[in-house]
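Here are the chains, one letter per residue:
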Amino acid sequence: MEGVDVVYELYNFLREEREKHQKEPGTVWVTDLVSCSLKSKYTSLYPDLVASDVFNPPTIVGALIHRGLEELLKNIFETKQYKVEIEPETSMELELPSGKVVLKGRADMILTSPQGAKIGVEIKSMRGDMPTPLEHHVDQVKFYNYMFGLEKTLLVYVSPDRVTQYEVCEKASQEEIVKRLLEPVSPRYPWECKYCPFSVLCPNKSIK
């Protein structure tokens, strides 16, 4: 009987998922706006450093939490007559001094109530407890609120210590988006370098 290798199949699935989401030239993702400005550049220059992280156990746990919770919430809210979209994408074109840029966003989930209200759900898994919500997560969903035309987004945190949510009703503006694109920051947060695969070569590495 042919052998079954679950670990290999999981690895192969995660690798293929990453390959599906390769960045196109002239495209910026919302996640680029809420992280170190050098990260996007280094991802293109040093793709092997990113690929080596595809089978990182904490990353796998986070992916499993996302998949499981998305499917569970989909089943729950569909019984309540909500329209449920899993990982919908949207984009907008921006004119910068250097030329046109396409900004893309991919939300975890968008719920549309029977009355027509659109609510985002963004799932964040954490290894331990810490003060929440985190600044870059709030910024991320403020961009989503604007781009998807959402009434609000629920930031849902899942950790071994608690499961909680925060409502973010604020929306970013196009002016704020353009400002982030025109004013790069590296690193955007000092803690980023601790988890960044490019810290081994980055001249701007924070050692705080």
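Bear in mind the structure is a predicted one, so any value in this text is a computation, not a measurement. (Residues numbered from 1 in each chain as written. Predicted model: local features only at pLDDT ≥ 70, side-chain atom pairs only at ≥ 80, totals over all residues. Heavy atoms only, no water.)

Chemist: Could you give an account of the side chain of R106, with specific residues and numbers?
Modeler: With respect to the element layout, R106 can be found in strand 4 (residues 99–106). A distance of 3.0 Å separates a polar atom in the side chain of R106 from a polar atom in the side chain of E89. Once residues within four sequence positions are removed from consideration, R106 is found in contact with H21, W29, E87, P88, E89 and Y144. (Helix = DSSP H or I, 4+ residues; strand = E, 2+ residues; numbered from the N terminus. Polar contact = N/O pair within 3.5 Å; in protein donor to acceptor, adjacent residues only side chain to side chain. Contact = heavy atoms within 4.5 Å.)

Chemist: Can you tell me about the sheet that holds strand 1 (residues 27–29), naming the residues and giving the values?
Modeler: In any sheet, the strands associate via hydrogen bonds between backbone groups, in a parallel or an antiparallel arrangement. A sheet is described by the order of its strands in space; here three strands give the open sequence 1-4-3, paired in mixed fashion. Across the chains shown, the open sheet's two edge strands, defined by having one partner strand only, are strand 1 and strand 3 (89–96). Averaged over all neighbouring strand pairs, the angle between strand axes comes to 30°, with direction disregarded. Strands in contact with helix 7 (residues 174–182) are strand 1, strand 3 and strand 4; relative to strand 3, the strand with the most contacts, it is inclined by about 70°. (Pairing = 2+ DSSP bridges. Axes fitted to C-alpha atoms, helices over the stretch in contact; angles between N-to-C directions.)

Chemist: Lay out the side chain of R188 in plain terms, naming residues and giving numbers.
Modeler: By the element assignment, R188 lies in the loop between helix 7 and helix 8 (192–195). The buried charged residue R188 lacks any salt bridge, with E192 as its nearest oppositely charged partner at 5.9 Å. Here L33 takes part through its backbone oxygen, which lies 3.4 Å from a polar atom of the side chain of R188. Among the polar contacts listed, one links the side chain of R188 to the backbone oxygen of S35, at a separation of 3.1 Å. Excluding anything up to four places from it in sequence, R188 contacts L33, V34, S35, C36, S37 and R180. (Buried < 20%, exposed > 50% of the residue type's maximum accessible area, 1.4 Å probe, protein only. Lys, Arg positive; Asp, Glu negative; His and termini not counted. Salt bridge = Lys/Arg side-chain N within 4 Å of Asp/Glu carboxyl O.)

Honestly, that's just the spatial picture; any functional story needs more than this.
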